[in-house]
Each structure stands twice: as structure tokens, then as C-alpha cells.
Amino acid sequence: MWRFFASSLVLFLLMCSCFSSAVSSSLYSSSCLLQGQFHLNGMHKTGDVVLGGLFGIHFFSTYPDLSFTSEPQQPICHGFHISGFRHAQTMAFAIDEINRNSNLLPNVTLGYSLYDNCVQLGVGFRAALSVASGREEQVILHDTCVGTPPVLGIVGDSSSTRSIAISSVLGLYRVPTVSYFATCSCLSDRQMFPSFFRTIPSDAFQVHAIIQILKRFGWTWAGLLISDNDYGVHAASSFQSDLGPSGGGCLAYTEILPADGDQSELKRIVDMMKNSTAHVVIVFANQGHVINLMEEVVRQNVTGLQWIASESWTSAAVLQTPRLMPYLGGTLGIAIRRGEIPGLRDFLLQIRPDLHHNNSYENSMVNQFWEHTFQCRFAPPPAGWVEAGGALCTGQEDLENVETEFLDISNLRPEYNVYKAVYALAYALDNMLRCEPGRGPFSGHSCGNLQRLEPWQLVYYLEKVNFTTSSGDQVSFDENGDVLPIYDIMNWQWLPDGRTKVQTVGEVKKSAFKGEELTLDEDKIFWKFESKEPPRSVCSESCPPGTRVARKKGEPECCFDCIPCSDGKISNKTDSMECTSCPEDFWSSPQRDHCVPKKTEFLSYHESLGICLTATSLLGTFICAVVLGIFIYYRRTPIVRANNSGLSFQLLLSLKLCFLCSLLFIGRPRPWTCQLRHAAFGISFVLCVSCILVKTMVVLAVFKASKPGGEASLKWFGAVQQRGTVLVLTSVQAVICTVWIVSSSPAPHKNTQYHNDKVVYECIVGSTVGFAVLLGYIGLLAILSFLLAFLARNLPDSFNEAKLITFSMLIFCAVWVTFVPAYISSPGKYADAVEAFAILASSFGLLVALFGPKCYIILLRPERNTKKAIMGRGT
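Only a predicted model underlies this, so the values are computations on that prediction, with no experimental measurement involved.

## Details of the packing of aromatic side chains
In total, this model carries 32 aromatic pairs according to the counting rule given. Relative to Phe 369, the ring of Phe 85 lies with its centre 4.7 Å away and its plane at 20 degrees, an arrangement referred to as stacked. Of this pair, Phe 85 sits in helix H2 (residues 82-99) while Phe 369 sits in helix H11 (residues 364-374); the two residues are 284 residues apart in sequence, bridging distant segments of the chain. Here Phe 85 matches Phe 369 in class, with each residue buried.

If you want it as C-alpha cells, here you go:
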């Protein structure tokens with residue numbers, strides 16, 4: 001809308017220019033006349049160089065009838081604004097101070113033309129055009145158009161909307177404009193506003209400052225109320241883009257406050273605030289919008305909210321009343337940087353009305369201020385004023401004898417920005433005038449001068465300006481015309497005696513080296529809540545360690561569920577988006593907040609199963625040793641000699657090895673134990689079964705030799721042949737083990753497949769074929785021994801040990817046939833336990849079946865341990 005308005009005004013100016021030229025040509029005159037003048041409240045002072053200023057001296061304006069049946073009258077402004085007038089006087093003071101400073105702009109006197117914008121776009125635009133075109137009704141044309149322009153630069157406007165409109169037009173002519181209160185981030189667009197500068201930070205930084213406060217107190221869930229203008233709309237856009245992932249927060253709602261104070265709309269907005277879970281409300285609006293809003297808040301008695309104020313209403317005294325403080329107490333706000341301006345109060349006290357131009361607009365500001373302050377009227381007074389008891393102004397009234405906020409300079413904030421804006425223009429002009437001819441920045445290394453001064457030349461020096469105020473604040477502009485940003489953080493405090501105080505509790509600033517810095521003294525902050533602590537304002541509480549964030553579909557990012565991490569995954573910080581998997585040898589703790597080493601599992605000597613197997617192995621070894629000792633002690637008795645004592649001794653030694661090799665299956669698997677356990681097991685059992693096989697063959701040979709003509713069969717089964725056969729059969733198994741270990745050796749393995757939270761240490765066989773061949777060879781010898789013993793079971797008892805061998809091999813084969821499926825189906829340490837059990841069971845089976853009867857006879861029935869009894873001739 002404002003762009004259309006600005007474009008229309010530009011077109012109007014061009015038409016006026018053409019019409020003026022036409023009139024001039026037709027009259028053959030050497031002068032140009034203005035087609036019309038805007039009658040605006042103003043304040044002027046002549047000088048070598050004139051600076052313009054636009055200030056809100058009145059709150060309201062009344063537009064006349066626009067029927068165009070007669071010439072339209074000018075808008076009428078009313079509702080005097082003391083603060084706006086103080087802003088204008090601050091500019092006048094700054095110019096007066098500069099004129100008295102011999103080091104700044106020596107030999108140059110600054111003047112000013114200050115106008116009232118009546119806080120209206122139309123009036124403000126008229127004021128800007130009046131400043132730019134000058135006050136002369138007739139301009140005499142010279143042969144050469146040279147000289148100082150009517151104004152060199154403008155301080156203002158205070159509104160973002162008006163600044164956008166004014167800078168869009170004046171920017172075409174590169175007239176420098178330095179605003180002291182326009183904060184819209186859109187004004188940082190150098191393509192649209194090439195000659196716009198400001199001494200107040202952009203709303204973009206104000207939004208960042210508020211986000212810093214939200215972060216400081218952990219407020220991730222807030223409502224946003226904005227005004228329906230450029231100030232509010234651009235701020236809402238910045239919040240929505242900056243408060244997301246990087247800002248760490250979300251907006252519960254964004255509502256536009258009605259400019260006309262629509263009661264039904266305000267009621268809807270306050271109802272939403274009351275029902276929302278957000279306890280923090282950001283209000284980015286003008287003072288008038290907030291007043292209307294708070295009326296509805298009070299009507300509905302909405303308490304328990306933490307308000308955050310933008311700089312537009314942070315210092316609004318009209319809201320700091322006992323009626324509103326129960327609701328607004330504890331408000332945190334962003335405020336313009338407070339500064340000190342020495343000498344300003346004395347300057348304000350010297351203000352006197354202009355009695356000679358009372359009825360003109362030339363210097364009407366001071367007279368209107370005087371009438372407003374002393375509640376009097378200058379002569380001639382309005383009709384009926386004196387009759388109603390009204391006083392007449394004399395101009396001799398004393399400002400020190402009246403209570404007025406005009407003289408309160410304890411909280412200079414916008415005034416300080418006005419002060420810096422005037423000095424920025426002055427320093428830029430001073431730098432330009434100090435330019436050395438031939439070394440200037442313009443074409444041909446030329447310099448600017450007062451006789452041929454162009455406004456765009458001052459823009460160049462404004463971009464380079466850099467100075468420090470008496471308060472110690474550095475003033476310079478970045479590439480977008482924005483000043484180095486700094487804000488004070490204010491807190492609305494409700495004192496016990498009922499008074500209110502706006503206390504500075506911190507600051508937020510941005511420097512070229514450290515970035516954005518927030519300094520906050522939390523001990524000074526007043527909280528209106530019973531806990532005297534900052535409130536909680538979150539959509540969802542933070543997810544604790546051990547959980548992850550699960551977004552709720554269709555809701556803002558700050559609203560989520562906390563899902564526990566699955567087994568084996570952890571999150572060790574709050575609000576983790578994902579759970580991370582633990583390393584291979586680690587598992588999640590019960591709280592899922594850190595990884596712990598996995599439990600290790602193997603057949604240990606310290607657990608009951610390992611202890612039982614170890615005890616059984618040692619018991620078997622001990623029994624073998626006892627039996628061997630008995631056989632050695634009774635080696636000359638008939639029963640020992642008749643049962644092939646040499647093979648019996650060898651068999652007992654192999655059984656002892658079988659018992660001992662089971663110990664290799666107990667304990668944490670090592671490379672050498674994995675290689676040795678199966679080799680020792682395979683060779684020991686082949687040695688054992690080979691002895692039994694040869695024993696069986698000897699029984700058959702002896703029986704055959706007992707028959708006529710069978711003596712020759714015994715020569716193949718002498719002691720040497722028996723030992724050789726056992727050695728050959730065992731060597732075959734040794735070769736199988738060697739090839740297996742060399743080609744694909746068994747090795748320890750950490751198995752995590754059986755249990756997620758455990759590491760099972762086991763020995764992998766390496767080559768399944770090798771393990772199968774090892775077991776197959778043992779099985780082949782065992783079956784062969786069983787078959788031969790079975791065939792010899794019916795031989796005469798006197799010569800027959802075949803029945804015992806048959807029974808022992810039956811036990812052996814049964815154990816190992818059962819072992820195969822049990823071994824395959826047993827996980828981890830239980831596979832080792834099954835194999836160790838099979839070794840011990842088969843070894844005990846052989847030991848008891850083969851040597852139990854003999855030991856019984858030797859120890860308990862010695863009468864049967866005779867040659868006659870063995871030959872069958874005894875009773």
C-alpha cells in the first residue's frame with residue numbers, strides 16, 4: 001500500500017514539476033513558484049548547512065472534507081506528545097552543541113528544519129517533501145544550478161512504515177536519512193533503501209535478543225502477538241524463521257492485534273492465550289495496541305503469564321499503573337540503549353515561545369508545548385477561552401516551577417539515538433570537508449564541497465563514519481546502514497509500597513569479534529509468581545537421557561513424546577533425536593544413558609557346572625590311577641596276566657588322558673586351548689578305542705589258536721604287533737588333527753548372536769569337515785570294535801572278555817550318538833559342557849565296564865583270582 005502511495009506522490013511531484021516549468025516558460029520568468037505549501041507544525045533555524053528532522057509531536061490528526069467542491073484544507077494535528085517534542089529539542093541541542101564545538105565542522109554553522117509528522121503516514125510524507133524541497137515559495141534561477149541543497153540529510157522518521165515510504169522516494173535522489181526509531185528489518189535492504197541509515201538496531205537483532213532471553217530461561221514454548229503493520233509483520237517473519245531449530249523454540253500461536261481495538265477480536269485472542277499451555281507471551285506491537293489488549297486481559301483476569309515487551313512499549317509509563325501491574329509485573333523488555341547527554345536539561349530550560357509568529361506554522365512547536373505545559377493560550381485566544389476562566393500565556397512562565405516529564409532526562413533512550421544520528425551526519429560532513437583536493441574518493445580524485453554539494457556524496461562518508469559518544473558507545477554503520485546493535489534488558493518491578501520501577505537488569509549486544517552476547521543479572525529480576533522463580537513454558541518436557549524425541553505429527557517441533565531407547569542403544573543427553581548404538585562389546589545400561597561392557601559367558605571354573613565337570617574329570621583321573629596301581633600291584637596274578645596286562649596298562653593311561661582332556665573345555669577359550677582341546681580329545685579316544693580293538697582281536701586270535709591247527713594265528717598278535725597296531729591307528733588320527741589345525745585351525749570367537757547383552761566366548765571348529773572326519777574316525781574304530789566283540793560274545797567264558805568289551809562299546813556308541821544332536825543344539829558354553837560331559841561319560845563307561853569286574857575279583861573275590869578258576873576247573 002505504501003509503495004503505491006509513494007509512487008503516486010512521485011508521479012504528482014513530476015506533474016507539478018512539469019506544470020511549474022510550463023508556467024515558467026509561458027511567462028518567460030527567471031523563477032519557479034511552488035504550486036502549494038504544506039502547512040505543518042515546524043521549528044527552524046538557519047545555517048550554512050541545514051539538517052531536516054521528522055518527529056511525532058502530536059498523537060492524532062483530523063482530515064478535512066475531501067469532496068473537492070472547494071480547496072481541501074490541511075490535516076489538523078492534536079494530542080500533544082511531550083516525548084516527541086523532547087526528541088525534536090534533542091536534535092536542536094545536538095546542533096547547537098556542534099556549532100559550539102571548534103573541532104567539529106569549524107567555520108560551518110548547522111541549521112535545522114524540524115517538522116511534526118503527527119504519527120500519520122500522509123502527514124509524515126508531506127513533512128519529508130517539505131524538508132527536501134525547502135521552505136522558499138519562489139526559487140530564483142541562476143545561470144548555473146549550483147549551491148547547497150535545501151537540506152543535506154534528514155533525521156527520522158520514527159516509524160518503520162513512514163520510513164519505508166519516505167526512503168523509497170528520497171532514496172531515488174540519494175538523500176541520506178538517519179532514523180532513530182525505525183526498526184523494521186526490511187529497511188536493511190540496500191537495493192530498496194540505498195541511502196537509509198539508523199542509530200537503532202534492526203528488528204532482526206531485537207528478535208535475536210528476545211530469543212537469547214528465551215534460551216536463557218529455557219522457554220521453548222511462547223505466544224507471539226504483533227501489530228498489523230510493517231513493524232509487527234516483519235518481526236513475526238523473523239521469529240518464525242529464527243526461533244526454529246537454531247533458536248531451540250516454537251511459537252504456540254501468532255496473532256495480529258487489531259488496530260481499531262475490535263473488542264470481539266481481542267476477546268478471541270485473550271481466550272486463546274488463557275487456554276494455551278504457553279506461559280510466555282511476546283508482544284511485538286505499538287503502545288496503543290498493548291493498551292487495548294491489556295484492557296481485555298484485565299476484564300478476563302488472565303494472570304500467570306510472563307510478558308516480553310518489544311522496545312516499542314518497554315518504557316511506556318501509561319502501562320505501569322497499579323491497575324495493570326498485577327498482570328504486567330515482572331515483564332522483561334528490550335529497550336533502546338540508555339545514554340547520557342550532558343547539558344540537555346539546561347538547554348531545555350532555556351526554551352522560550354515565539355511571541356512574534358504565534359499564528360504561523362514557522363515555530364509553532366514551542367508555542368504548542370508552552371500552551372500544553374502551562375494550560376494557557378497565547379493571544380488571541382480561542383473564542384470563549386477567557387470567558388471559561390482560561391489563562392493567557394505570557395511567555396514568562398518558568399518551566400522549573402511546573403511538574404512535567406519534559407525535563408526528565410534520567411532515561412534518555414530515543415533521545416540518545418537522535419543525538420547519535422545528528423552527530424553521525426555532522427561527522428560525515430566534517431570528514432567530507434576535510435578531504436584533500438586530488439586525494440578524494442570521487443571521480444578524478446575530487447572532493448565534495450559546500451558550493452557544489454550533492455547528497456549522495458554525504459552517503460559515501462556516512463558509510464565510513466566511526467566515532468565514540470561521550471557515554472563511550474561506538475557509532476558506525478555496517479554495509480546495510482545498521483548501527484552496531486546494543487539493547488538494554490528491562491524488568492518491570494512492583495515495589496512493596498505500590499510504586500513501579502523499570503530496572504535495567506542486563507544488556508545484549510553484538511560485536512565484530514564476539515558475536516551476540518547476553519549479560520543478565522538474574523538476582524535483580526523481579527518475578528511476580530509465588531515461587532519468585534521464572535516460570536516453565538514448554539510444550540513438552542525435555543526428554544531425559546535414555547530416551548529419544550519422537551515428533552508429534554502435525555504439531556510444532558517443541559511438542560513431542562519421549563520414547564525409551566531400545567536395547568543396545570543409548571542417549572546420553574537431553575532431547576536426543578536419535579539413540580546411538582553401543583559398540584560391539586558394550587551394551588546399554590538399565591537407564592539407557594551410557595554403555596557398559598557386555599557380560600562375558602564361557603564355561604568357567606568358578607561356576608557350578610564348571611566345578612562339577614572339573615571334579616568329575618579329576619575323579620575319573622584318580623580312579624584310573626588307582627586301578628592302574630591295583631593292576632601293577634597284582635600284575636603277577638592270573639586275572640591280570642590273562643587279560644593282556646600290557647594293553648590293559650596302555651588302555652588305563654589313555655583313559656586317564658581322556659579324563660584330563662575334558663579340562664581343556666573349561667575356562668576362557670584361548671588360541672592354544674581351542675587348538676589343543678579337539679586334538680587331545682581325538683587322539684586320546686583313538687588311542688583308547690585302538691587298545692580295545694586290538695584287545696578284541698587278540699581274544700579272537702587266542703580262541704582260534706586254541707583249536708587244532710590254529711597256533712599260527714597267534715604269531716600275528718604278539719606284543720610288538722599289538723603295540724604297532726595301536727600306534728598306527730593313533731597316528732592316522734594325529735595326521736587328521738595336524739592337517740585340520742594347519743589348514744583351518746580352531747580359534748576363539750566372541751559370539752554376540754546368542755544374547756544381545758552378553759559376549760559368549762567359544763571355540764569355532766574352523767573346519768567342520770575336519771571336525772567331522774575326527775569324530776568319524778573315532779566312530780569307525782568304535783563300531784569295528786563293537787562288531788568284533790559282538791561276534792566273540794558266545795566264546796567260552798574261560799577265554800572270553802568280549803562280553804565286557806561289547807557292553808563297554810555299546811555304552812560308548814550310545815553316548816556319542818546322543819552327543820551329536822545335543823552338541824549342535826546347545827549354544828555357547830553349553831556346547832562345551834555337552835562335549836566335556838560326553839567325554840567323561842564315555843570314559844567312565846569304558847572304565848567301569850572293562851575294569852570294574854576285574855577289580856571286583858582282585859579285591860573282593862581273591863579266591864577266583866587263580867589259574868584253575870580262570871581255566872574253568874575250579875568251583
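## Some remarks on the sheet that holds strand S6 (residues 110-116)
On the basis of which strands lie adjacent, the open sheet formed by six strands has the order S2-S6-S3-S8-S9-S10 and mixed pairing. In this open sheet, the two strands that pair with only one neighbour each are strand S2 (42-45) and strand S10 (196-198). Strand-to-strand twist in this sheet, taken as the mean axis angle between neighbours without regard to direction, amounts to 20 degrees. Relative to S10, strand S9 (residues 177-179) is paired through three bridges, and the arrangement is parallel. Its bridge partner being in S10, Ser 179 is matched across the sheet by Arg 198. The strands that helix H3 (residues 121-133) touches are strand S3 (49-55), S6 and strand S8 (153-155); relative to S6, the one it contacts most, it runs at about 155 degrees. Contacts from H11 reach S2 and S6 within the one sheet, and its direction differs from that of S2 by about 130 degrees.

## Here's the deal with the confidence of the model for the chain
When the pLDDT values of the chain are averaged, the result is 83; 88% of them are 70 or greater. Under a pLDDT of 50 for its full length, residues 1-29 has, in the predicted model, 23 contacts with residues more than four places off or in other chains.

## What about unusual backbone geometry?
A cis geometry characterises the amide bond from Gly 156 onward to Asp 157, with omega recorded as 0 degrees. With respect to the helices and strands, the residue Asp 157 is situated in the loop between S8 and helix H4 (160-170). Of the consecutive residues Ala 379 and Pro 380, the connecting peptide bond is found in the cis state with omega at -5 degrees. If you trace the backbone, Pro 380 turns up in the loop between strand S16 (376-377) and strand S17 (391-392). Of note in this structure, Cys 118 is not a glycine but carries a positive phi near 55 degrees. Classification of Cys 118 as buried rests on a relative accessible area of 1%. The backbone of Asn 301 shows a phi angle near 55 degrees, a positive value even though the residue is not glycine. By secondary structure assignment, the location of Asn 301 is in the loop between helix H8 (287-300) and strand S14 (306-309). A residue is classified by how much of its surface remains accessible, and Asn 301, at 49% relative accessible area, is partly exposed.

## Describing the side chain of Asn 491
With respect to the secondary-structure elements, Asn 491 resides in strand S20 (residues 486-494). When its relative accessible area of 0% is taken as the criterion, Asn 491 is described as buried. Polar side-chain contacts of Asn 491 include one of 3.3 Å to the side chain of Gln 493. Setting aside chain neighbours within four positions, we find Asn 491 in contact with Gly 330, Thr 331, Leu 332, Lys 501, Val 502, Gln 503, Val 505, Lys 524, Ile 525 and Phe 526.

## Section: helix H16 (residues 645-661)
With 17 residues, H16 extends 24 Å from end C-alpha to end C-alpha; this agrees with the ideal 24 Å at 1.5 Å per step. Within H16 the residues assigned to the buried category are Leu 647, Ser 648, Leu 651, Leu 652, Ser 654, Leu 655, Cys 658, Phe 659 and Cys 661.

## With respect to the sheet that holds strand S15 (residues 332-336)
Read from one edge to the other, the open sheet built from eight strands follows the order S12-S11-S13-S14-S15-S20-S21-S22, with strand pairing classed as mixed. Looking along the sheet, the strands with just one partner apiece sit at the ends: strand S12 (250-257) and strand S22 (515-520). Averaged over all adjacent pairs, the angle separating strand axes in this sheet is 25 degrees, with direction ignored. In terms of strand pairing, strand S21 (residues 500-511) meets S22 through six bridges, oriented antiparallel. Bridge assignment links Lys 510 to a residue of S22, and that residue is Glu 516.

## A look at a nonpolar patch on the surface
Where nonpolar side chains cluster on the molecular surface, the patch consists of Phe 59, Phe 60 and Val 119 and spans about 270 Å² of accessible area. With respect to the element layout, Phe 59 can be found in strand S4 (residues 58-62). For Phe 59, a relative accessible area of 37% corresponds to the partly exposed category.

## Some points on the packing of H2 against H11
Direction vectors running N to C along H2 and H11 enclose 140 degrees, while the axes themselves pass 11 Å from each other. Classified by the interaxial angle, the pair formed by H2 and H11 is oblique. Judged by the twist between their axes, the crossing of H2 over H11 is left-handed. Where H2 abuts H11, its residues Ile 82, Phe 85 and Gln 89 lie against Met 365, Val 366, Phe 369, His 372 and Thr 373.

## A closer look at the nonpolar core
Generally speaking, soluble globular proteins have nonpolar side chains that are buried together. By size, the foremost hydrophobic cluster in this structure holds 70 residues, and its most contacted members are Phe 55, Phe 85, Met 91, Leu 110 and Val 155. Only S3, H2, S6, helix H10 (344-349), H11, helix H12 (414-433) and helix H13 (455-464) provide two or more residues apiece to this core. Once residues lying within four places of it in the same chain are set aside, the contact partners of Phe 55 are Gly 84, His 87, Ala 88, Met 91, Leu 114, Tyr 115, Asp 116, Asn 117, Cys 118, Val 155, Tyr 180 and Val 418. Val 698, Leu 774, Phe 812 and Leu 850 belong to the second-largest nonpolar core, a separate cluster that totals 67 residues.

## Let's talk about the environment of Ile 269
Structurally, Ile 269 can be placed in helix H7 (residues 263-275). On the basis of relative accessible area, Ile 269 is assigned to the buried category, the value being 0%. Ile 269 sits 27 residues away from Glu 296 along the chain, and the two C-alpha atoms are 9.4 Å apart. Discounting chain neighbours no more than four positions away, the residues touching Ile 269 are Leu 225, Glu 255, Ile 256, Leu 257 and Pro 258.

The rules behind the values
Residues numbered from 1 in each chain as written. Predicted model: local features only at pLDDT ≥ 70, side-chain atom pairs only at ≥ 80, totals over all residues. Heavy atoms only, no water. Phe/Tyr/Trp six-rings, centres within 6.5 Å; stacked < 30°, edge-to-face > 60°. Helix = DSSP H or I, 4+ residues; strand = E, 2+ residues; numbered from the N terminus. Buried < 20%, exposed > 50% of the residue type's maximum accessible area, 1.4 Å probe, protein only. Pairing = 2+ DSSP bridges. Axes fitted to C-alpha atoms, helices over the stretch in contact; angles between N-to-C directions. Contact = heavy atoms within 4.5 Å. pLDDT = per-residue confidence, 0-100. Polar contact = N/O pair within 3.5 Å; in protein donor to acceptor, adjacent residues only side chain to side chain. Expected span 1.5 Å × (residues − 1). Patch = residues over 30% accessible without salt bridge, like charges linked within 9 Å, V, L, I, M, F, W, Y side chains within 5 Å. Areas by Shrake-Rupley, 256 points an atom, 1.4 Å probe, with all protein chains shown as cover. Salt bridge = Lys/Arg side-chain N within 4 Å of Asp/Glu carboxyl O. Parallel < 35°, antiparallel > 145°, perpendicular 65-115°, else oblique. Left-handed = near helix turned anticlockwise from the far one by under 90°. Core = buried A, V, L, I, M, F, W, Y, C linked by side-chain atoms within 4.5 Å.

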